[in-house]
Amino acid sequence: MDINLSTPPIEVTPDDLVNLAARSAKMLERIRTQMLQPFPRKVAPAFPSGKLQELCGIDKARFSYLIKKGELPQGTQEKPGAARQFTLAETIEWVKAERKPRQRPAGKDGKVIAIGNFKGGVTKTTTSMVLAQGLSLRHGRRVLHIDMDPQGSATTLYGINPHAEINGDQTVLPLIEAYVSGETFDMKHLPMQTYWENLDLIPSSTDLFNAEFMLPARVHASPSAKFWNVLNDGLKELKHEYDYIIIDTAPTLSYLTINALFAADGVIVPVMPDTLSFASMVQFWSLFSDMVSGMKQFGESADEAKVFDFIDILVTRMPNKANASIVRDWVITTYGERVLPVEIPETDLARTTTNDFSTVYDFPNYDGNAATLRRIRVPYDQVVDLIDSKVCYLWDKE
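What counts, and where the lines are drawn
Residues numbered from 1 in each chain as written. Predicted model: local features only at pLDDT ≥ 70, side-chain atom pairs only at ≥ 80, totals over all residues. Heavy atoms only, no water. Core = buried A, V, L, I, M, F, W, Y, C linked by side-chain atoms within 4.5 Å. Buried < 20%, exposed > 50% of the residue type's maximum accessible area, 1.4 Å probe, protein only. Contact = heavy atoms within 4.5 Å. Pairing = 2+ DSSP bridges. Helix = DSSP H or I, 4+ residues; strand = E, 2+ residues; numbered from the N terminus. Axes fitted to C-alpha atoms, helices over the stretch in contact; angles between N-to-C directions. Salt bridge = Lys/Arg side-chain N within 4 Å of Asp/Glu carboxyl O. Polar contact = N/O pair within 3.5 Å; in protein donor to acceptor, adjacent residues only side chain to side chain.

1. Regarding the nonpolar core
Right, so step 1: Ile146, Met187, Leu235, Ile245 and Ile247 are the most contacted members of the largest nonpolar core, which totals 55 residues.
Right, so step 2: Not counting residues up to four positions away in its chain, the partners in contact with Ile146 are Val172, Ile202, Leu235, Ile245, Ile246, Ile247 and Asp248.
Right, so step 3: Core analysis: the second largest hydrophobic core is formed by 52 residues, Leu88, Val342, Leu373 and Leu394 among them.

2. So, the sheet that holds strand E3 (residues 111–115)
Right, so step 1: Spatially, the 8 strands line up as an open sheet ordered E5-E6-E4-E7-E3-E8-E9-E10, and their pairing is mixed. Since the sheet does not close on itself, it has two edges, and those belong to strand E5 (192–193) and strand E10 (339–345), each with one partner.
Right, so step 2: Both E5 and strand E6 (residues 199–202) contribute to a ladder of 2 bridges, which runs antiparallel. Of the residues in E6, the one forming a bridge with Met192 is Leu201.
Right, so step 3: Relative to the sheet, helix H13 (residues 322–335) contacts strand E9 (310–318) and E10, its axis offset from that of E9 by approximately 175°.

3. Digging into the pattern of salt bridges
Right, so step 1: Counted under the stated rule, the structure contains 22 salt bridges.
Right, so step 2: Asp309 is the partner of Lys111 in a salt bridge, and the nearest nitrogen-oxygen pair spans 3.0 Å. With Lys111 in strand E3 and Asp309 in the loop between helix H12 (275–293) and E9, this pair connects stretches of sequence that are 198 residues apart.
Right, so step 3: Three or more residues are tied together by salt bridges with common partners; here these are Lys51, Glu54, Arg138, Arg374, Arg377, Asp381 and Asp385.

4. Comments concerning the side chain of Arg141
Right, so step 1: Along the chain, Arg141 falls in the loop between helix H5 (124–139) and strand E4 (143–147).
Right, so step 2: For Arg141, a relative accessible area of 1% puts it in the buried group.
Right, so step 3: Within polar-contact distance, the side chain of Arg141 engages the side chain of Asp388 at 2.9 Å.
Right, so step 4: Leave out the neighbours within four places in its chain, and Arg141 touches Arg102, Gln103, Arg104, Leu135, Ser136, Asn198, Asp243, Tyr244, Asp388, Cys392 and Trp395.

Spelled out as structure tokens, the structure:
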């Protein structure tokens, strides 16, 4: 194709930028509508009996016995003798009855887990979404997902257009505004129900960018203000209501990201096995450590120093290539036991589900090769189980 090298540059005015923003929002809405046909919203999947048995860890004989016993949901059949289908709510009821996951002890707060990395494209949002869904599905947990990225990628995965359907009052912004004005704000009314059972969302919108101006202004007016602890204070009541609060963060060290990390009991850091990602990780730890230790200059005492229950590194988008294995070995050598013993493989299916505003948990069945689905779903199952096991240990220890 010939390129016209004499084409002059096109001037861009503020009105042009407004027009481009409107056009992009309209196109995203059109794409979302097309992807989610025939429904205008995402709906929870139905689970066939075979998948339900796998989730419950039971065989066909045990399943048939429990169906005849009639104490658990019976699912639906298109005709007598046909395979049964179970709703998400019914599936979770079966899982809780058969797997008997350990319950959060009375009086113990739910755990806050932030997914963080200052580099984009490392599956941070997907990891946060899969973790939230998996904890609900596999362990019957009540989960709150908070989107702290003004770009709203996690909100989009729920089938919601953060630019056209969400305003600032529905995000964590009212909490920031109340802090800046010296008032208090109750976050209890912010969580909204989603298509996924036991999984609520505090969405994001571009209005969240305002927090990056509000918080520095408060610090300038009152240098002793604990700007990093706003979200942590706001979540105190919600931690009584939820077993887990999962926070998706922006790929920058912003005021919002600082608040997410200081509110977190644990942090999961996804990293891709390539040289640039490894180099970015070095910068991440440098900035992260400076941030945590540097709060002393703002009046934080030694007793108030931030301590995390755990910080785990998750290798994601692992291709079957020798150079990736080399970088993976660098990660393990450098970070040792902090690296989770699970790798999320690079697959075409993972890219396809993201493009469809979906995750692997949105597809109990896959029209393609079942082994392809298992190849990526099983590692995510293992991550979910590992995290829940750690948190159960912490609940018992506390």
